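Descriptive structure summary
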Amino acid sequence: MAEPLFLIKPDWHDTHGGPWYCPPGAVIEGVLSFYPKLRELLDVVYVDFPRPRPAVLEWVGEADQSCPLLVLDGGLDWPDAQVSATTGRLFLQDEAIIPYLAARYGIGLPHP
């Protein structure tokens, strides 16, 4: 089963106005555009901005529904993974996802 990667759909509105997009999600989208093979290897799921985010909740629970979020399948032991207190699943959020993708799928890393 492919690891699910949850990203927030762009162009949402909230009490501060809008339309908005998620900056960390935009970075991940950039990586996906540089390495299109990732879209075949991952299950990329786009979710709406308002919470709760049901698709994310079933994987990691309410406390950890911030996106971007990658749920790990255990195929690579990753010491920086967080553990969902609700489901026990391992996951990464925001730009912590990129080093994992590089190690697991052989893509490049950002220049230091």
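The structure we're discussing is the one just above.
Attention in this report is confined to the structure presented alongside it. Treat the numbers as computed from the prediction; the structure is a model and nothing was measured.

**Notes on the sheet that holds strand β5 (residues 69-71)**
Here five strands make up an open sheet; going across it, the order is β4-β1-β5-β7-β6 and the pairing mixed. The strands lining the two open edges of the sheet, one partner per strand, are β4 (42-47) and β6 (82-83). As defined by bridge partners, β6 adjoins strand β7 (residues 90-93) across two bridges and the pair is classed as antiparallel. Paired with V83 across the two strands is L90, which belongs to β7. Sheet strands in contact with helix α1 (residues 23-34) are β1 (3-8) and β4, and its direction is about 125° off that of β1.

**Here we look at helix α4 (residues 97-105)**
Among all positions in α4, only I97, I98, Y100, L101, A102 and Y105 are buried. At the exit of α4 stands G106, carrying a positive phi of roughly 75°.

**Re the pairing of strand β3 (residues 17-20)**
Side-chain positions along a regular strand alternate between the two faces of the sheet. When strand β2 (residues 12-14) meets β3, the two strands line up antiparallel, connected through two bridges. Note that in β3 the partner of W12 across the bridge is W20. The turn linking β2 back onto β3 is made up of two residues.

**Focus on the packing of aromatic side chains**
Per the counting criterion, the structure on display carries two aromatic pairs. When the ring of W78 is compared with that of Y100, the centres are 5.4 Å apart and the planes differ by 85°; the resulting orientation is edge-to-face. Here W78 is found in the loop between β5 and β6, whereas its partner Y100 is found in helix α4, with 22 residues between them in sequence. Taken individually, W78 and Y100 each receive the classification buried, so the pair is uniform in this respect.

**A look at the environment of G25**
Its place among the elements puts G25 in helix α1. A relative accessible area of 8% means that G25 is categorised as buried. For the pair formed by G25 and L7, sequence separation is 18 residues and the distance between their alpha carbons is 6.0 Å. Beyond its immediate sequence surroundings of up to four residues, G25 is in contact with L7 and P68.

Criteria and cut-off values
- Residues numbered from 1 in each chain as written.
- Predicted model: local features only at pLDDT ≥ 70, side-chain atom pairs only at ≥ 80, totals over all residues.
- Heavy atoms only, no water.
- Pairing = 2+ DSSP bridges.
- Helix = DSSP H or I, 4+ residues; strand = E, 2+ residues; numbered from the N terminus.
- Contact = heavy atoms within 4.5 Å.
- Axes fitted to C-alpha atoms, helices over the stretch in contact; angles between N-to-C directions.
- Buried < 20%, exposed > 50% of the residue type's maximum accessible area, 1.4 Å probe, protein only.
- Phe/Tyr/Trp six-rings, centres within 6.5 Å; stacked < 30°, edge-to-face > 60°.

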